Amino acid sequence: MRTFLLLAAASFHLAAHAQLTNGCFTIGGTQSDGARAGVQTSDGGYAFTGFTYSYTGSLFENAYVVKVDADGAVEWNMVYGNTSSISTDFMSDMIQTADGGFALAGVSTSQSMALVKLDAAGVVLWSKQYDTYVDAIDDLHAVVQTPDGGYALAGSGNNDALGGGEMLLLKTDAAGELEWSKTYSIDFFTHEAYDVVLTLDGGYALCGYRGGSTNRFHVLRLDASGAVLWSKGYGDGQEYATAMVATSDNGFVVVGRTNTYGLAYNDGGAVYHDAFAVKLDEDGELAWARAFGDSLTENFLSVAGTSDGGDVMCGEALESGQLGVGPPRIYVVKCDANGELLWSQRGSYSQAQDVVECTDGGLALFCNGALADFSNGSQFLFMKMEADGTICPDCLFEPYGSDSAAVLTPVDLTYNVFDNVATSADYIVDVFPGGTASGGCLETGITDRDRMENAITITPNPAMDQCSVSLGNATDIDALEVISSQGTVIMSVPVNRRSRIDMPVSRLAQGVYVIRAIGSARPQQVRLVVMDR
């Protein structure tokens, strides 16, 4: 849910690619689907995850992952979960890992915490679930890869000793095996950890909030073993922290919403919030605090550091004024290193759940919603805007909101820490295909001729027993090779001047393969996904 400015073990090179400049598209079905987190990938493309009701085969949602190339063309999209009628699988965060694959964190079928490891083609390598106490409902909100190749996971757990939900941090090894777990709480009120970042000394920082009559942004600074170095609260009324980013000066920017500062207010029981951001130094001391928005309700859901030293925040602006009432609109804010507003916009009817700065300096938004309205349900909505906020007119953006400084004093907090509260087990994940992209606009600077560079198309894809490979207008292809994910040639099929090849795949094991053209003057290949029968 955030972009790191720190160099960690899970670092890789983002190669230079021709990229989509600005535009948008949706992907999803006729039910409700939505993105929760996304990344720019090492090949210049993008991957994002969330939930789907459209492609589950059950009455409940499953996890959904979409991978697109640098131009916004869908490479693959898969559903992860279980086809049981009582299955619920939901992924809240994803990262690209050091090996080029992905890690997903969220909730599994049994309302347990889930961590799923995929390779670069979306194939499940392993999956784990974690539980705190019997019958507890646990949740993961964020994942980072640690310098040793393992993972740190943040969320909420239930601790019977205090009777409420606690901030939770899990540490696993590279295979998802649990190394240690801790919960953090002050009292019996609910506590939630919504984000985790790595620190330069090998430790962690958590952000979230504590429920009760007075909520604040809560930030905990931890060492490498999860011990509390300091813990502080920021705000004086109803502040909820949802995301954070580590900054180049070893500090943090934490974002969420406030009912105390800016234009936020209460009106006869109706609560109106402003989006809220604070900048902290490495010791948790306040550098600046600002509220952003209008006279209705705004809420930040993600933050990313930008190459100019500033930050970009995204979330929602509600036309009705109150959270959960009426359709939200995308809200994006860019500020400098001192928190001063550079520009702010609201866009189409959606929630911007995550934002990243791209290698070309532009911004990618991963959204849950629709371009026009929610009358046809929500979908995954991907948007690419330029660094100054420029985006195509179809995305319905307009200038919106203002900012104001907030004066507050950090409050020292005393957290109770409970060790080794979680257990782990294998988590069985079914995999099945998703949908196709539709709607929106894409301004890529790429001609239709360029888009036909790869003439090979496969239908259906994913396939189970047989697929049809279309060669388009290509006349110089001699044969098609089917290559496994290990690089082994499984079969070779002669083309014999045909424009379409019906290829049996019933003998191929479930997995991802490459179909490569042999004899073509222009290298061509396309990925084939074979499903279990």
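Because the structure is a prediction, the values reported are computed rather than measured. (Residues numbered from 1 in each chain as written. Predicted model: local features only at pLDDT ≥ 70, side-chain atom pairs only at ≥ 80, totals over all residues. Heavy atoms only, no water.)

Taken in spatial order, the five strands line up as β19-β20-β23-β24-β33 in an open sheet, and their pairing is antiparallel. The outermost strands of the open sheet, each flanked by one partner alone, are β19 (239-246) and β33 (402-405). The sheet shows a mean angle of 25 degrees between the axes of neighbouring strands, taken without regard to direction. As defined by bridge partners, strand β20 (residues 252-258) adjoins strand β23 (residues 274-280) across seven bridges and the pair is classed as antiparallel. (Pairing = 2+ DSSP bridges. Helix = DSSP H or I, 4+ residues; strand = E, 2+ residues; numbered from the N terminus. Axes fitted to C-alpha atoms, helices over the stretch in contact; angles between N-to-C directions.)

What follows is about the confidence of the model for the protein. Here the protein averages 81 in pLDDT, while 79% of its residues score no lower than 70. A low-confidence stretch, residues 3-18 stays under pLDDT 50, and its non-local contacts, those more than four residues away or across chains, total 43 contacts. Below a pLDDT of 50 lies the segment residues 443-454, which in the model reaches 18 contacts outside its immediate sequence neighbourhood of four places, other chains included. (pLDDT = per-residue confidence, 0-100. Contact = heavy atoms within 4.5 Å.)

The subject of this paragraph is the packing of aromatic side chains. Taken as a whole, this structure holds 19 aromatic pairs when the rule is applied. Taking the centre distance of 5.7 Å and the plane angle of 35 degrees together, the rings of F48 and F380 count as tilted. Placement of the pair is F48 in strand β4 (residues 46-52) and F380 in strand β31 (residues 379-385), with a sequence separation of 332 residues. Overall, F48 belongs to the buried group, its relative accessible area being 1%. On the basis of relative accessibility, which here comes to 0%, the residue F380 falls in the buried class. With centroids separated by 4.8 Å and ring planes inclined at 75 degrees, the aromatic side chains of Y209 and Y240 adopt a geometry described as edge-to-face. (Phe/Tyr/Trp six-rings, centres within 6.5 Å; stacked < 30°, edge-to-face > 60°. Buried < 20%, exposed > 50% of the residue type's maximum accessible area, 1.4 Å probe, protein only.)

In this section: the sheet that holds strand β43 (residues 500-504). Taken together, three strands build an open sheet; the order of strands is β39-β40-β43 and the sheet is antiparallel. This sheet does not close on itself; its edge strands, each paired only once, are β39 (457-459) and β43. Pairwise comparison of adjacent strand axes, ignoring direction, gives a mean angle of 25 degrees for this sheet. As paired elements, β39 and strand β40 (residues 466-470) share three bridges and run antiparallel to each other.

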